[in-house]
Amino acid sequence: MQTEDLIKQIEFIKEIDKLKYIQRRTKLFNSDRNENDAEHSWHLAMMAIILSGHSNVLIDVLKVVKMVLIHDIVEIDAGDTFIYDTVKNHINTNDERAAAERIFGILPKEQAEDLIAVWDEFEAGETDEAKFAKSMDRLEPLLQNVSNNGGTWKEYNVDYKKVYEKKQVIKNGSVSIWNYAEKLIEDSVTSGILKKE
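These figures come from a predicted structure and were not determined experimentally. (Residues numbered from 1 in each chain as written. Predicted model: local features only at pLDDT ≥ 70, side-chain atom pairs only at ≥ 80, totals over all residues. Heavy atoms only, no water.)

Enquirer: Can you walk me through the packing of aromatic side chains in this structure?
Expert: Aromatic ring pairs are reported here in terms of the distance separating the ring centres and the angle at which the planes meet. In total, this model carries four aromatic pairs according to the counting rule given. Each ring, one from Tyr160 and one from Tyr164, has its centre 5.6 Å from the other, and the planes form 35°; the classification is tilted. Of this pair, Tyr160 and Tyr164 both sit in helix 9 (residues 160–167), separated by four residues, roughly a single helical turn. Between Tyr164 and Trp178, the aromatic rings sit 5.3 Å apart at their centres with planes inclined by 75°, giving edge-to-face as the arrangement. Highlighted residues: Tyr164 in helix 9 and Trp178 in helix 11 (residues 175–190), separated in sequence by 14 residues. Here the aromatic cluster, defined as three or more aromatic residues joined through ring pairs, consists of Tyr160, Tyr164 and Trp178. Over the aromatic face of Phe122 sits the side chain of Lys134, whose NZ or CZ is 4.3 Å from the ring centroid. Geometry around Tyr160 places Lys196 over its ring, the cationic atom sitting 3.8 Å from the centre. (Phe/Tyr/Trp six-rings, centres within 6.5 Å; stacked < 30°, edge-to-face > 60°. Helix = DSSP H or I, 4+ residues; strand = E, 2+ residues; numbered from the N terminus. Lys NZ or Arg CZ within 6 Å of the ring centre and 35° of its normal.)

Shown next, in the form of structure tokens:
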């Protein structure tokens, strides 16, 4: 049984290597190279560790790290949906659910069920850990776009209202980080890298 589990776990590890090939629209800090999903997930995990003291409430940091490391694995099958996409909504879809069941289902049953439950918790965004994880997920591209003089905001003609609407979820996990993020958004308008209307 142990060998059987190990074979499944190794298959899963090989499968998730594909995450490195999923390109995001956002570019790396001060760069013209697009970030991939694996880089994004790693960065969020580091952010969660470093910024956890700013959470609105005491959180299980390891659980948040687990969430952000697995949250985009479904994009191996479902692809990345740009947060400002005007056609496809950036919410949990049937494609993502099928992807979660297929990819996590490679693992032994107990591990598969655990990771699907963590993924579901992140998607629902209702627990303190999920709220903080989502804060990290919204903060990172904001920092990237500011570092790139508007980045995807300029490239895809995204205005202040859309950015503000998508980013204010940050406050559900951390009011202090939201205050910082809100000022970055306002400063981006002032500096001309984000259009107000």
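So much for the structure itself; the text now carries on.
Enquirer: Quick question: what am I supposed to make of the pattern of salt bridges here?
Expert: Side chains carrying opposite charge are able to pair once their charged atoms draw close together. By the definition in use, this model includes 16 salt bridges. One salt bridge connects Lys18 with Glu15, and the closest N-O pair in it is separated by 3.1 Å. Look at Lys18 and you get partly exposed, because its relative accessible area is 41%. Among the salt bridges present, the one from Lys183 reaches Asp187, with a minimum N-O distance of 2.8 Å. Residue Lys183 and its partner Asp187 are both found in helix 11; the two are separated by four residues, about one turn of the helix. A single network of salt bridges, built from pairs that share partners, joins Glu15, Lys18, Asp77 and Arg102. (Salt bridge = Lys/Arg side-chain N within 4 Å of Asp/Glu carboxyl O. Buried < 20%, exposed > 50% of the residue type's maximum accessible area, 1.4 Å probe, protein only.)

Keep in mind these numbers describe shape, not what the thing actually does.
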